[in-house]
Amino acid sequence: MNDYPEIDQRLYQTLSQISLKKTKNKNRILFFDRDAFADNTKYLYLHMLQNPQFECVWCTWNDDVYTMLSKYHLPAHFMGKSNDETINLLLETGTAVFCVNPHYSLHKNWYYYACLQGAKHIQLWHGVSVKKLLLQLSSYFNLSDLNFSTSLAWASRANMVLSTHAKLDDYWREVFGCDNIINAGYPRNEVLVRPPSPLECLGSQLNARTRQAMASNRKKILLAPTWQRFTSTDLLSTEVLSKLFYYSHKNNIDVFIKTHPYQITSFSQNSLKINNFFFIDANTDVYPYLNKFDLLITDYSSIMFDFLLVNRPILTLDILPGAHADFEPDYSLLPTSDDFRHKFNSDNFIDVLHLALHKDEKSSVRASTAETLFPTDNTTASATLAQCILNLR
């Protein structure tokens with residue numbers, strides 16, 4: 001029933017007990033990634049490095065990320081390279097910051113999770129969502145599946161959870177089972193409303209061809225699907241991509257496709273050679289470029305809510321309740337209406353796209369929705385969170 005690695009319960013219990021009792025370095029803060037230098041933890045880490053009273057360390061399993069950060073003399077730890085070093089680092093740490101499920105960030109390593117039992121866990125997550133998540137899914141899946149139930153247990157270990165608006169607090173309480181909610185913006189969104197610093201561009205490297213296209217004056221469309229538990233949506237179907245190719249080619253528009261980090265998608269060599277199509281690596285941090293796009297197309301990725309801050313058209317697949325999955329997408333989870341989006345299907349795709357590009361009338365609705373979801377100053381998200389972490393120690 002459970003395809004899950006065997007663990008030594010004695011060692012797990014021993015490390016947990018040591019972690020709970022061991023004196024912590026309260027100034028040490030570990031930031032965990034999703035196998036890339038990206039997302040909310042990246043921007044908070046870079047901000048908090050500026051404060052000399054903190055000992056900030058980026059924790060990664062990715063050799064390329066570790067090498068890149070070392071090159072720029074940014075403190076990083078290569079998880080598991082030396083098991084003893086990793087165990088001691090975790091045992092002595094006062095605060096651990098995540099932007100995805102710790103089950104993923106720790107590569108399902110029970111012993112490393114045990115070593116963080118005495119630390120404060122801060123969960124920034126990675127976006128406003130129209131998905132039911134984590135504890136909300138307990139009635140939809142088999143809890144005797146150790147892989148699934150463990151992921152819920154580890155995520156619900158959070159001591160503090162970020163919520164961008166008080167109206168979303170109840171949602172995040174249900175997701176993580178945590179009552180300690182802090183209201184602030186997402187650190188990754190700061191670069192949507194101000195220029196990124198050179199260090200914030202690390203992890204955002206593009207190949208020469210894509211970089212040249214990004215700097216051009218041609219209209220730009222970003223296509224960004226969300227992660228799917230089951231079958232994929234029609235967003236990357238041959239029909240939708242073919243229609244997008246013919247329309248964009250005819251109208252001198254460049255299309256940038258960015259797949260989800262957890263969704264491995266292979267494109268044919270012929271598609272990779274299309275003149276006006278550009279494929280951004282799934283682990284590339286696209287946020288420093290997000291305000292360069294004229295329009296976003298997605299199925300129902302959380303990137304659409306961040307894109308509201310640049311107030312440009314958003315196209316989403318028109319998925320009827322229950323037509324894709326019986327628990328997502330669910331726009332009733334939002335504290336506002338979903339009128340900000342242009343809904344399309346494979347039949348009317350080009351008509352909706354053309355209307356959004358040339359006769360868009362949703363600017364005021366997008367601005368209002370952005371104000372509802374992100375009411376705080378988006379340029380000070382990291383500063384607000386840093387103060388909260390300082391108070392939490």
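Our subject is the structure listed above.
**Considerations on the packing of helix H11 (residues 238–250) against helix H14 (residues 349–358)**
Contact geometry for H11 and H14: axes closest at 10 Å, N-to-C directions at 45 degrees. Comparing their axes, H14 and H11 come out oblique. For the crossing formed where H11 meets H14, the hand is right-handed. Within the contact between the two elements, H11 uses Val240, Lys243, Leu244 and Tyr247 and H14 uses Phe349, Ile350, Leu353, His354, Leu357 and His358.

**A look at H14**
For H14, the complete set of buried residues consists of Phe349, Val352, Leu353, Ala356 and Leu357. End-on, the buried residues of H14 take up no more than an arc of 130 degrees, which puts them together on one face. Each element contacted by the buried residues of H14 is listed here: strand E8 (219–223), H11, strand E9 (253–258), strand E11 (295–298), strand E12 (314–317) and strand E13 (342–344).

**Description of the pattern of salt bridges**
On inspection of all chains with the given rule, the structure shows 17 salt bridges. A salt bridge links arginine 173 to aspartate 179, with the shortest nitrogen-to-oxygen separation between them at 3.8 Å. A relative accessible area of 30% places arginine 173 in the partly exposed class. Here aspartate 179 falls in the exposed class, since its relative accessible area comes to 62%. As a salt-bridge pair, lysine 343 and aspartate 338 come within 3.7 Å of each other at their nearest N and O atoms. Members of the salt-bridge network, linked through shared partners, are Arg34, Asp39, Arg188 and Asp306.

**Section: the sheet that holds E13**
Strand order in the open sheet made by the six strands is E10-E9-E8-E11-E12-E13, with parallel pairing throughout. In this open sheet, the two edge strands, each paired with only one partner strand, are strand E10 (277–280) and E13. Averaged over all pairs of adjacent strands, the angle between their axes in this sheet comes to 25 degrees, without regard to strand direction. Where E8 lies against E11, three bridges are found, and the strand directions are parallel. Pairing of leucine 223 across the sheet is with isoleucine 297, part of E11. Relative to E9, H11 is tilted by about 150 degrees, and along the sheet it contacts E8, E9, E10 and E11.

**Side note on the nonpolar core**
By size, the foremost hydrophobic cluster in this structure holds 101 residues, and its most contacted members are Trp172, Ile297, Phe305 and Leu353. With sequence-adjacent residues up to four places away left out, leucine 353 is seen in contact with Ile221, Leu244, Tyr247, Leu295, Ile297 and Leu315. Membership of the second largest hydrophobic core comes to 22 residues, among which are Trp110, Tyr113, Leu116 and Ala119.

**Observations concerning the environment of lysine 292**
Within the element layout of this structure, lysine 292 appears in the loop between E10 and E11. Along the primary structure lysine 292 and isoleucine 18 are separated by 274 residues, whereas in three dimensions their C-alpha atoms are 49 Å apart. Once you skip the residues sitting within four places of it in the chain, lysine 292 turns out to touch Met214, Lys220 and Arg312.

Rules and cut-offs
Residues numbered from 1 in each chain as written. Predicted model: local features only at pLDDT ≥ 70, side-chain atom pairs only at ≥ 80, totals over all residues. Heavy atoms only, no water. Axes fitted to C-alpha atoms, helices over the stretch in contact; angles between N-to-C directions. Helix = DSSP H or I, 4+ residues; strand = E, 2+ residues; numbered from the N terminus. Parallel < 35°, antiparallel > 145°, perpendicular 65-115°, else oblique. Left-handed = near helix turned anticlockwise from the far one by under 90°. Contact = heavy atoms within 4.5 Å. Buried < 20%, exposed > 50% of the residue type's maximum accessible area, 1.4 Å probe, protein only. Arc of directions from axis to C-beta. Salt bridge = Lys/Arg side-chain N within 4 Å of Asp/Glu carboxyl O. Pairing = 2+ DSSP bridges. Core = buried A, V, L, I, M, F, W, Y, C linked by side-chain atoms within 4.5 Å.

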